[in-house]
Amino acid sequence: MPSPANSSSSISRKFAWLAGAVVAGGLLWTTGWYVFAARVETGLPATLAQFVGPAASAECNGADVRGYPFRFGVFCETVTYVNTAEGISANAGAFRSAAQVYRPQHAVAEIDGPLVLNTSELTLRADWQVLKASARAVTDGLDRGSIEAQNVSFDIDGSRLTQRVALQADKMTAHARRNGVDLDLATYVDSVRNDLFPGLTARAFAFEATLSEQSSLLEVPFIPLQGPFDAVLHRLAIEFDETSLLELAGPVQIDASNRVSGTLELTISNLQEFTQLASGFNPEIAGLFRQFGPVIAALDTKPDDDAVTLPLTIRSNLISIGFIPLGQLPAF
């Protein structure tokens, strides 16, 4: 029978071995984490170059890798993007990201404003109180990603605009995901205000669409969207108040010059109220609705509900309802 002294000595040795293993494991983990972090930081320029492709460049200024012991995250003092071939440049404030060591394919990030985007014909300045993003990576790029921003403002100016446009919103969310070879997109905005028509506000804005055979937009390297391609507009809705809603849905085609064509359904809830609202931002369209009121009612494809549903046709950016021309979409 072992003596109490021998039992105590055996327990002490086991405890010492366990403590040693924990310390050794901790040292190995720490060494491995910092070695990997150093490689990530050193290889960051090459990773960004692979992401944006040979025609563009991106920089994480003041790069640092943080998150020890159970996370990895890239931090940047500022971020920049330049695509000389497309005439695009952009820069934004500090960037912070994080991914769990046991789940590296899923990352979350925050970025500080403002974002300034310049193209050959457009300048956009966006700012926000908080902007958060999340993404799930796969071997050739991203499988999906989301952005959520609070208290957002946009200031847009350019040679193709007759005047500067300023927009504000309380909240904005945007989502993109691969759906086989297609790409699903969705954007939702709460409480939209503008400086162009101060009296016109929208309680909510929603955009849901599928771009056919465009899942490659989430692949590496990134390639800007260019026509031609087909898309399905599942829903584009502007809710002005509790009773007034404008909604579009249907298939569209974008040609090589990025002009839009398609046959869609335009649904207007509370046509009278919408006409009054339209008179505030486009008297010409409001006049057309008043002038052709009986014809518009006759074009209603769903006369049994409270809304008016009309066939809206777009041909190379020219918009019409039946034989009534509404104008032209801006080029993009």
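Analysis parameters
Residues numbered from 1 in each chain as written. Predicted model: local features only at pLDDT ≥ 70, side-chain atom pairs only at ≥ 80, totals over all residues. Heavy atoms only, no water. Salt bridge = Lys/Arg side-chain N within 4 Å of Asp/Glu carboxyl O. Buried < 20%, exposed > 50% of the residue type's maximum accessible area, 1.4 Å probe, protein only. Helix = DSSP H or I, 4+ residues; strand = E, 2+ residues; numbered from the N terminus. Contact = heavy atoms within 4.5 Å. Pairing = 2+ DSSP bridges. Core = buried A, V, L, I, M, F, W, Y, C linked by side-chain atoms within 4.5 Å. Polar contact = N/O pair within 3.5 Å; in protein donor to acceptor, adjacent residues only side chain to side chain. Phe/Tyr/Trp six-rings, centres within 6.5 Å; stacked < 30°, edge-to-face > 60°. Lys NZ or Arg CZ within 6 Å of the ring centre and 35° of its normal.

Student: Help me out: how do you make sense of the pattern of salt bridges in this one?
Tutor: One side chain can pair with another of opposite charge once the charged atoms of both are near each other. Enumeration according to the criterion identifies twelve salt bridges in this entry. Among the ionic pairs, Asp64 bridges to Arg66, the shortest N-O distance being 2.9 Å. Its salt-bridge partner being Asp143, residue Arg136 comes within 2.6 Å of it at the nearest N-O pair. Since its relative accessible area comes to 36%, Arg136 is described here as partly exposed. The exposure class assigned to Asp143 is buried, which follows from its relative accessible area of 14%.

Student: Looking at this structure, I do not really get the environment of Trp29. What am I missing?
Tutor: Its location among the elements puts Trp29 in helix H1 (residues 4–52). Separated by 41 residues in the primary sequence, Trp29 and Phe70 have C-alpha atoms spaced 9.8 Å apart. The residues touching Trp29, leaving out its near neighbours within four places in the chain, are Tyr68, Pro69, Phe70 and Val101.

Student: Is there a simple way to explain the pairing of strand E9 (residues 122–127) in this structure?
Tutor: Two faces, one strand: in a regular strand the side chains alternate between the faces of the sheet. The sheet contact formed by strand E8 (residues 115–118) and E9 spans four bridges and is antiparallel. Directly across from Asn118, in E9, lies its bridge partner Thr123. Counting the residues between successive antiparallel strands, the hairpin from E8 to E9 contains three residues. For E9 and strand E11 (residues 141–158), the ladder comprises six bridges, and the chain directions are antiparallel. Looking at E11, one finds that Leu124 is bridged to Ile156.

Student: Please clarify how the environment of Phe323 should be interpreted in this entry.
Tutor: Assignment of secondary structure puts Phe323 in the loop between strand E19 (318–321) and strand E20 (324–328). The class of Phe323 is exposed, set by a relative accessible area of 59%. For Phe323 and Thr313, which are ten residues apart along the polypeptide, the C-alpha to C-alpha distance reads 9.6 Å.

Student: I'm lost on the nonpolar core in this one. Help?
Tutor: Buried together is how nonpolar side chains tend to be arranged in soluble globular proteins. Core analysis: the largest hydrophobic core is formed by 26 residues, its most contacted members being Leu264, Leu266 and Leu312. Setting aside chain neighbours within four positions, we find Leu312 in contact with Leu248, Gly262, Thr263, Leu264, Leu266, Ile319, Ser320, Ile321 and Leu326. One finds Cys60, Val74, Ile156 and Val189 within the second-largest nonpolar core, a separate group that totals 20 residues.

Student: Any chance you could explain the pairing of strand E17 (residues 260–269) here in plain terms?
Tutor: Within E17, seven of the ten residues are buried, which leaves it mostly tucked inside the rest of the structure. A loop of five residues connects strand E16 (residues 245–254) with E17, the two strands running antiparallel in sequence, and Asn258 in this loop sits at a positive phi of about 65°. Relative to strand E18 (residues 308–315), E17 is paired through seven bridges, and the arrangement is antiparallel. Looking across to E18, one finds that Thr267 is bridged to Thr309.

Student: Is there a simple way to think about the side chain of Asn83 in this case?
Tutor: Within the secondary structure layout, Asn83 lies in strand E4 (residues 78–83). At 3.2 Å, the side chain of Asn83 and the side chain of Tyr81 are in polar contact. Non-local contacts of Asn83, meaning those with residues more than four positions away in its chain, are made with Ala55, Ala56, Ile88 and Pro224.

Student: How do you make sense of the environment of Ala176 when you look at a structure like this?
Tutor: Position of Ala176 among the secondary structure elements: in strand E12 (residues 165–179). With near-sequence residues (within four places) excluded, Ala176 lies in contact with Arg144, Gly145, Asp184, Leu185 and Leu218.

Student: Help me understand the side chain of Thr210 in this model?
Tutor: With respect to the helices, strands and loops of the structure, Thr210 is situated in strand E14 (residues 202–211). At a separation of 2.8 Å, a polar atom in the side chain of Thr210 contacts the side chain of Asp184. Dropping the residues within four chain positions of it, Thr210 is found in contact with Asp182, Leu183, Asp184, Asp230, Ala231, Val232 and His234.

Student: Would you mind going over the packing of aromatic side chains with me for this structure?
Tutor: What describes a pair of aromatic rings is the distance from one ring centre to the other and the angle between the planes of the rings. This structure, assessed with the given rule, holds six aromatic pairs. An angle of 5° between the planes, with centres 5.0 Å apart, marks the rings of Trp33 and Phe72 as stacked. With Trp33 in helix H1 and Phe72 in strand E3 (residues 71–76), this pair connects stretches of sequence that are 39 residues apart. Grouping residues by exposure puts Trp33 and Phe72 together as buried. An aromatic cluster is built from Trp33, Tyr34, Phe36, Tyr68 and Phe72, whose rings are joined through pairwise contacts. Residue placement shows Arg66 over the ring face of Phe75; its charged tip is 4.3 Å from the ring centre.

The values are spatial; any link to function lies outside them.
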